[in-house]
2 protein chains.
Amino acid sequence: MTKKIRIGIAGYGNLGRGVESAIAQNDDMELIGVFTRRNPDELTLLDDNVPVYAHDTILDYKEKVDVLILCGGSKNDLPVQGPALAKHFSTIDSFDTHAEIPNYFETVDQSAKPNENTSIISVGWDPGLFSINRLYGEAVLSEGTTYTFWGKGLSQGHSDAVRRVPGVKGAVQYTIPNEDAVNRVRSGALPELSTREKHTRECYVVLEDGADATEVKRAIVSMPNYFSDYDTTVNFITEDELKRDHAAMPHGGFVIRSGKTGNDTNQVMEYSLKLDSNPEFTSSVLVAYARAAYRLNQNGEFGAKTVFDIAPGLLSKKTAADLRKEML
Amino acid sequence: MTKKIRIGIAGYGNLGRGVESAIAQNDDMELIGVFTRRNPDELTLLDDNVPVYAHDTILDYKEKVDVLILCGGSKNDLPVQGPALAKHFSTIDSFDTHAEIPNYFETVDQSAKPNENTSIISVGWDPGLFSINRLYGEAVLSEGTTYTFWGKGLSQGHSDAVRRVPGVKGAVQYTIPNEDAVNRVRSGALPELSTREKHTRECYVVLEDGADATEVKRAIVSMPNYFSDYDTTVNFITEDELKRDHAAMPHGGFVIRSGKTGNDTNQVMEYSLKLDSNPEFTSSVLVAYARAAYRLNQNGEFGAKTVFDIAPGLLSKKTAADLRKEML
């Protein structure tokens, strides 16, 4: 390996920290710096030797960074940063607002392509590795049904929704796949499953002083979109318990394609993830796709891409010949 | 869909029949014909309307076939047919002699590239979808171990080995993953597993008249390479039982990548297949990759390829825009 791939990180929350950590596991990459909108002096990285820069100065580093990994949120950060930064950098992001992906793709593409940058959007596990497995499943088993189950995992969006309920001081929400439903799908039975049958939701809530537990519980379980279509359990715990037992961010899930070939022959493909840290895993996926973005860019393939456009071999450190020899 | 992808099948055993069946599930493809070294009049296809041609006449159909799917065996057929036919056709094959893949790739590439054909070799599930998952696992979780388990499934090679034992009239052999070992791997424990700990082997044997069961059993379980490193059980059955209970060709298995991120965080990725018919599933994979070969060829990408070189999106009937909208 002569030259290392030079990576920049834009945004340093859980995801940014995970990316820092994942780059350290890949000796063909080096971390040029972290860009933050906070005061750079107040940021403590895992590795003291990595420089921290003010986000405002990011364009000064255009020539020093091969791929910029955007670690902001999908709601407020990426819709602005994605198109803005793809004008100047090849980028990777984890944009995950499914309904907005087509528009986001177009705006990033319009920035990246004329500026000869390569930007892979919506990278992670869902969207990301789960999407790829939905695609492989449907392409191979044309006649069949695809099922996605999530969890057991901490859902950020649902936890936020619980925290907005009056009387709630702190909360986490776990999404739990219904084991019985998963097993029915695995058997090849092709069940039709309602929302309620696929997942249950489990909340751990710290009440504010004087809040009415019954009323809080009622407000949670009846909340439209988030909880009313599910069987939800609400457990009240202390603030100490919340900190001690619910600080980790586990997640995971299953993509199962159940299909028929020939004369009604059952075939089942399953992909599953069991993640003790959702942000660290997502970060590891981002870093692997940064390698692909670099290679595509070197190869003159510009514009916005998704995981569907990336040949698996581009993700590996190994040469195509070594991959054929060692991994096929 | 204006023009259908025109497919030819070379060789009509279990795999060829599976390909015929899979093409019928994909309305963007049409089967131009089956090429056989047997007497074409003696072949009965699933669909009477599909023409059968003598293999000798195959070059007459050069302009009528977009992709030729080679359904011969890896031992004798493909090493000759692959390079010979890649001179004249874009091809797909399931070449699965792992150690020979690098050489085979080179010889097919030398035929395909100068003749502007696109040939994807070693397509199926192992090599194939399992290989892709080994690659994704290693690329995403740089620090970790990859485990491949096969089965429960009928192993053709091992069944043949049992049939060669003197006194054996008929036999099948099933490879069975050790559930305990699979569960240890799934737990993130990163166990070191011996060959004996990973799989057991189960044989169902019909004896020839007068054969010595004890001697046959001894010959099987002590056979080097095939059985001596495994715990093998041998069950003697009647010829009727063999036909009735062991005619199906189920297979499957697991690819598990267990790795660490950040500060010793466990992350487990698992891919599994549960196939009621191994050849029908393999055929379905071949057909999906035929679509990719056609598109790459249209796009001017010539030469030999493997599944590592194929972006997932190329396998789907859907447009890139529809995939982003519906499947990401």
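That block above? That's the structure.
Residue numbers run consecutively from 1 along every chain, following the written order of its sequence. Lettering of chains starts at A and numbering of ligands starts at 1, both following the order in which they are written. Per-residue local features are limited, in this predicted model, to residues with pLDDT of at least 70; the limit for side-chain atom pairs, both in listing and counting, is 80 or more; totals at the level of whole chains, interfaces and linings are taken over all residues. Each side-chain value is worked out from all heavy atoms of the structure, with water and hydrogens disregarded.

Trainee: Whenever I open this one, the interface of chain B and chain A confuses me. Can you help?
Mentor: Accessible area lost on assembly of the parts is the figure often given for the size of an interface. Taken together, the contact pairs 67 residues of chain B with 67 residues of chain A. With both sides pooled, the region where chain B packs onto chain A buries about 5,600 Å², and carbon together with sulfur makes up 58% of that total. In the sections that follow, a salt bridge refers to a side-chain nitrogen of Lys or Arg positioned within 4 Å of a carboxyl oxygen of Asp or Glu. One can count 2 salt bridges joining chain B with chain A. Close ionic contact of Lys318 of chain A with Glu138 of chain B constitutes a salt bridge, the shortest N to O distance being 3.1 Å. Contacts described as polar in this section are N or O atom pairs within 3.5 Å, which, within protein, must combine one atom able to donate a hydrogen with one able to accept it, while residues neighboring in sequence count only if both atoms come from side chains. Applying the counting rule to chain B against chain A returns 35 residue pairs in polar contact (both at pLDDT 80 or more). Helix and strand definitions follow DSSP, with helices as H or I runs of at least four residues and strands as E runs of at least two, each counted in order from the N terminus. When contributions to the side of chain B that touches chain A are tallied by element, the ones reaching two or more residues are α3 (101-112), α4 (129-140), β12 (251-261), β13 (265-275), α10 (278-298) and α11 (320-326) of chain B. For the side of chain B that touches chain A, the element with the most residues is β13 of chain B, which contributes 11 residues. Polar here means any residue outside two lists: the nonpolar Ala, Val, Leu, Ile, Met, Phe, Trp, Tyr, Cys and Pro, and the charged Asp, Glu, Lys and Arg; Gly therefore counts as polar. Classifying every residue of the side of chain B that touches chain A gives 29 nonpolar, 22 polar and 16 charged. For this analysis, residues touch if any pair of their heavy atoms sits within 4.5 Å. Put simply, buried area is the surface a 1.4 Å probe can reach on two separate parts but cannot reach once they are joined, added for both.

Trainee: In this structure, what is going on with the pattern of salt bridges? I would like to understand it.
Mentor: As a working rule, side chains carrying opposite charge can pair if their charged atoms are close by. Residues and elements named next belong to chain A. On inspection of all chains with the given rule, the structure shows 32 salt bridges over all chains. Where Arg37 meets Asp77, a salt bridge forms, and the shortest distance between an N and an O atom there is 3.0 Å. Of the two residues, Arg37 sits in the loop between β2 (29-36) and β3 (52-54) while Asp77 sits in the loop between β4 (67-70) and α2 (78-85), which places them 40 residues apart along the sequence. Relative accessibility decides the category of a residue: with a 1.4 Å probe and only protein chains considered, values under 20% of the type maximum give buried, values over 50% give exposed, and everything between is partly exposed. A relative accessible area of 18% places Asp77 in the buried class.

Trainee: Looking at this structure, how should I read the relation of the copies chain B and chain A?
Mentor: One copy of the chain maps onto the other through a rotation about an axis plus a displacement along that axis. Here the copies are matched by least squares. The fit uses the C-alpha atoms of residues with pLDDT of at least 70 in both. Superposition record for chain B on chain A: RMSD 0.0 Å, screw rotation 180 degrees, translation along axis 0.0 Å. Taken together, the turn and the small shift mark the pair as related by a two-fold rotation axis. Proximity to the rotation axis, assessed at the C-alpha, singles out Ala311 of chain B in chain B; its C-alpha lies 1.9 Å from the axis. Residue by residue, 100% of the interface of chain B is reproduced at the interface of chain A, so both copies engage with the same surface.

Trainee: Looking at this structure, how should I read helix α3 (residues 101-112) of chain A?
Mentor: Counted at 1.5 Å a residue, the expected span for α3 of chain A with its 12 residues is 16 Å, and the 16 Å between its end C-alpha atoms agrees. The set of residues buried in α3 of chain A consists of Ile101, Tyr104, Phe105, Val108, Asp109, Ser111 and Ala112 of chain A. Buried positions in α3 of chain A, seen along its axis, are confined to an arc of 160 degrees and lie on one side of it. Seen from the buried face of α3 of chain A, the exposed residues on the opposite side, beyond 90 degrees, are Asn103 and Gln110 of chain A. Buried residues along α3 of chain A sit against α2, β6 (118-120) and β14 (303-305) of chain A together with α11 of chain B. Here the expected length of a helix is defined as 1.5 Å per residue gap, with one fewer gap than residues. Our arc is simply the arc of the directions from the helix axis toward the C-beta atoms.

Trainee: What's the story with helix α6 (residues 179-186) of chain B in this structure? I'm lost.
Mentor: Because the α-helix completes a turn every 3.6 residues, residues three or four places apart line up on one side. All names here are of chain B. Of all the positions in α6, only Ala181, Val182 and Val185 are classed as buried. For α6, the arc enclosing every buried residue in end-on projection is 100 degrees, short of the 170-degree limit, so these residues lie on one face. Along α6, the residues that are exposed and aim more than 90 degrees away from the buried face are Glu179 and Asp180. Summarising the contacts, the buried residues of α6 are in contact with β7 (144-150), β9 (168-177), α7 (195-198) and β12.

Trainee: Can you walk me through the side chain of His246 of chain B in this structure?
Mentor: Residue and element names in this part refer to chain B. Counting through the fold element by element, His246 comes out in the loop between α9 (239-245) and β12. One polar contact links His246 to Tyr174, side chain to side chain, over a distance of 2.7 Å. With near-sequence residues (within four places) excluded, His246 lies in contact with Val172, Tyr174, Tyr204, Ile237 and Glu241.

Trainee: Would you mind showing me how to read the pairing of strand β2 (residues 29-36) of chain B here?
Mentor: The side chains of a regular strand alternate between the sheet's two faces. Residue and element names in this part refer to chain B. Within β2, 7 of the 8 residues are buried, which leaves the element mostly enclosed by the surrounding structure. Between any two strands, pairing holds if DSSP finds at least two bridges. For strand β1 (residues 5-10) and β2, the ladder comprises 6 bridges, and the chain directions are parallel. For Ile5, the partnering residue across the bridge sits in β2 and is Met29. Every crossover in which the path from the first strand over the helix to the second runs clockwise, viewed with the strands pointing away from the viewer, is termed right-handed. As a crossover connection, the stretch from β1 through helix α1 (residues 14-23) into β2 is right-handed.

Trainee: Teacher, can you tell me more about the pairing of β9 of chain B here?
Mentor: All names here are of chain B. In terms of burial, β9 is a largely internal element, 9 of the 10 residues being buried. As judged from the 2 bridges shared by strand β8 (residues 153-154) and β9, these two strands associate in the antiparallel manner. Looking at β9, one finds that Gly153 is bridged to Thr175. As judged from the 9 bridges shared by β9 and strand β10 (residues 199-207), these two strands associate in the antiparallel manner. Along β10, the bridge assignment pairs Gly170 with Val206.

Trainee: Before we go on, may I ask you to explain the sheet that holds strand β14 (residues 303-305) of chain B in this structure?
Mentor: The strands that make up a sheet pair up through hydrogen bonds in the backbone, lying either parallel or antiparallel. Residue and element names in this part refer to chain B. If you walk across this open sheet you meet the 7 strands as β3-β2-β1-β4-β5-β6-β14, and the pairing is parallel. The open sheet has two free edges, formed respectively by β3 (52-54) and β14, since each of these has just one partner strand. Going across the sheet, the axis of each strand differs from the next one's by a mean of 25 degrees, ignoring polarity. Convention adopted: a line fitted to C-alpha atoms gives each axis, helices being fitted over their contacting stretch, and angles between N-to-C directions are expressed from 0 to 180 degrees. Strand contacts of helix α2 (residues 78-85): β4 (67-70) and β5 (90-92), with the helix running at about 175 degrees to β4, the strand carrying the most contacts. Contacting β6 (118-120) and β14, α3 runs over the sheet at an angle of about 145 degrees to β14.

Trainee: Please clarify how the packing of aromatic side chains should be interpreted in this entry.
Mentor: How two aromatic rings sit relative to each other is given by the distance of their centres and the angle of their planes. Stacked, edge-to-face and tilted labels apply to pairs of Phe, Tyr and Trp rings (six-membered ring for Trp) whose centres lie within 6.5 Å, assigned for plane angles under 30 degrees, over 60, and everything in between, in that order. Within this structure, the stated rule accounts for 14 aromatic pairs over all chains. Each ring, one from Tyr174 of chain B and one from Tyr204 of chain B, has its centre 5.8 Å from the other, and the planes form 75 degrees; the classification is edge-to-face. Of this pair, Tyr174 of chain B sits in strand β9 while Tyr204 of chain B sits in strand β10; the two residues are 30 residues apart in sequence, bridging distant segments of the chain. Judged on exposure class, the residue Tyr174 of chain B and its partner Tyr204 of chain B are both buried. Two thresholds decide whether a charge sits over a ring: the Lys NZ or Arg CZ must be within 6 Å of the ring centre and within 35 degrees of the ring normal. The ring of Tyr230 of chain A carries the charged tip of Arg201 of chain A above its face, separated from the ring centre by 4.1 Å.

Trainee: Got a minute to help me understand the nonpolar core in this structure?
Mentor: Note on soluble globular proteins: their nonpolar side chains tend to be buried together. Grouped together as the largest cluster of nonpolar side chains are 144 residues, with contacts concentrated most on Tyr289 of chain A together with Tyr289 of chain B. When neighbours within four sequence positions are excluded, Tyr289 of chain B is seen to be in contact with Tyr136 of chain A together with Ile92, Ile120, Val123, Leu129, Ile132, Val307, Ile310 and Leu315 of chain B. Residues enter a nonpolar core if they are buried and are Ala, Val, Leu, Ile, Met, Phe, Trp, Tyr or Cys, with the set joined through side-chain atoms within 4.5 Å.

Trainee: Where do I start with unusual backbone geometry in this structure?
Mentor: The phi torsion of most residues other than glycine is negative, and most of the peptide bonds are trans. Note the cis peptide between Asp126 of chain A and Pro127 of chain A, where omega equals 5 degrees. Located in the positive-phi region is Leu190 of chain B, a residue other than glycine, with phi close to 50 degrees. Topologically, Leu190 of chain B is positioned in the loop between α6 and α7. Positive phi is not limited to glycine here, since Asp264 of chain B has a value of about 65 degrees. Position of Asp264 of chain B among the secondary structure elements: in the loop between β12 and β13.

Trainee: Before we go on, may I ask you to explain the sheet that holds β13 of chain B in this structure?
Mentor: Judged by pairing direction, the sheet is antiparallel, and its 6 strands sit side by side in the order β7(A)-β12(A)-β13(A)-β13(B)-β12(B)-β7(B) without closing on themselves. Each edge of the sheet is formed by a strand with only one pairing partner; in this case those strands are β7 (144-150) of chain A together with β7 of chain B. If you compare each strand with its neighbour and ignore which way they point, the axes differ by 10 degrees on average. As judged from the 11 bridges shared by strand β12 (residues 251-261) of chain A and strand β13 (residues 265-275) of chain A, these two strands associate in the antiparallel manner. If you follow Val255 of chain A over to β13 of chain A, its bridge partner there is Tyr271 of chain A. Packed onto the sheet, helix α6 (residues 179-186) of chain A meets β7, β12 and β13 of chain A together with β13 of chain B and runs at close to 30 degrees relative to β12 of chain A.

Just distances and angles here, no functional claims.
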